[in-house]
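Letter by letter, the chains look like this.
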Amino acid sequence: MKTREAEIRLLSLLGKDLQKIRLELGISNTGPKGGLKKGWAGDVVEKYITGFKDSSPRPDFEDSELKIVPLKLSKSGILSVKEPMSICMANEEEILLNDFYSSHVYEKMKSLLIAFYVARNMLTDPVIFVGTSRFKLEGDYLNKIKEDYDLLRSFVKKNGLNAVSGTLGKPCIEFSMRPKDQKGKSSGNTFPRRAFTIRNKDVWNNILKISKDKETSLLNYFLKSGSHFSN
């Protein structure tokens, strides 16, 4: 599927409650133990577009990757990104073998179709779909991301992936390298993995880059929903 086809499909979701859509699609918002199933809204959006949930490492569409971004509205009426954006995961071997343009992170990040939603409580409240955006990794931000990846590779080659911290500057500036599967081999990986993650404020400033007109449009959807989604 081409990105434009998916984007047109997403536009029909504007202002709708994803809780109602998930019931139509037979998707649960709870896990096996009855707690909140993290990522269910993304499953709903992906199945709504394509008809199925794709768990393969390849990009979701022929020319881009789908990313689902939850937004929040403060009591003072300021919009922001609610949580970091996960790009992909990689183990030590993958990082050392692949330069930036051959990497999974570049493949996943070079072109994005972004879907926004808002909710206060993902288990019990309406989850309102509020818009879409396109992103191309290019220009100064491309250079920053590439430099960060190259810095990471050099650090991992010298110190190993276990020495990588999610803390800013140790060694990454653009990525927050969150630990994933510390046992490593339990998931079939030779080494423990790290998640390439973009911090909330950097998602807002560098990836979404929402114009004033777009921000006004998003705020209108918040107001039309009849709920206060501030945290």
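This one's a predicted model, so the numbers in the text were calculated from it and none came from an experiment.

Cut-offs applied
- Residues numbered from 1 in each chain as written.
- Predicted model: local features only at pLDDT ≥ 70, side-chain atom pairs only at ≥ 80, totals over all residues.
- Heavy atoms only, no water.
- Phe/Tyr/Trp six-rings, centres within 6.5 Å; stacked < 30°, edge-to-face > 60°.
- Helix = DSSP H or I, 4+ residues; strand = E, 2+ residues; numbered from the N terminus.
- Buried < 20%, exposed > 50% of the residue type's maximum accessible area, 1.4 Å probe, protein only.
- Lys NZ or Arg CZ within 6 Å of the ring centre and 35° of its normal.
- Pairing = 2+ DSSP bridges.
- Salt bridge = Lys/Arg side-chain N within 4 Å of Asp/Glu carboxyl O.
- Axes fitted to C-alpha atoms, helices over the stretch in contact; angles between N-to-C directions.
- Contact = heavy atoms within 4.5 Å.

1. Section: the packing of aromatic side chains
Summed over the entire model, instances satisfying the criterion amount to 7 aromatic pairs. Where Tyr149 meets Phe196, the ring centres are 6.1 Å apart and the plane angle is 25°; that geometry is what we call stacked. Of this pair, Tyr149 sits in helix α6 (residues 139–159) while Phe196 sits in strand β7 (residues 193–198), placing them 47 residues apart in sequence. In this pair, the class of Tyr149 matches that of Phe196, namely buried. Positioned over the ring face of Tyr48 is Arg9, at 4.1 Å from the centre of the ring. In this structure, Arg22 is placed above the aromatic ring of Trp40, and the distance from its NZ or CZ to the ring centre is 5.7 Å.

2. Some details on the pairing of strand β3 (residues 85–91)
Counting buried positions along β3 gives 5 out of 7 residues, so the element sits mostly inside the fold. Bridge count for β3 against β7 is 6 bridges, and the pairing is antiparallel. Note that in β7 the partner of Ser86 across the bridge is Thr197.

3. Description of the pattern of salt bridges
Counting across every chain of the model gives 8 salt bridges. Note that Glu7 and Arg4 form a salt bridge whose closest N and O atoms lie 3.0 Å from each other. With Glu7 and Arg4 both in helix α1 (residues 3–11) and 3 residues apart, the pair spans about one turn of that helix. Judged by its relative accessible area of 12%, Glu7 falls in the buried class. Among the residues examined, Arg4 registers a relative accessible area of 46% and is labelled partly exposed. Two residues, Lys110 and Glu107, come together in a salt bridge whose shortest N-O distance is 3.4 Å. One salt-bridge network, in which partners are shared between bridges, spans Arg4, Glu7 and Arg134.

4. A few points about the sheet that holds strand β5 (residues 128–136)
Sheet architecture is open: 4 strands sit in the order β2-β1-β4-β5, paired in mixed fashion. Here the strands that pair on one side only, and so sit at the sheet edges, are β2 (79–81) and β5. Taken over all neighbouring pairs, the strand axes of this sheet differ in orientation by 30° on average, direction set aside. Bridge count for strand β4 (residues 111–118) against β5 is 8 bridges, and the pairing is antiparallel. Its bridge partner lying in β5, Ala115 is registered against Thr132. Packed onto the sheet, α1 meets β1 (65–73), β4 and β5 and runs at close to 160° relative to β5. Across the face of the sheet, helix α7 (residues 200–208) comes into contact with β1, β2, β4 and β5 while running at roughly 105° to β2.

Nothing here speaks to function; it is geometry throughout.
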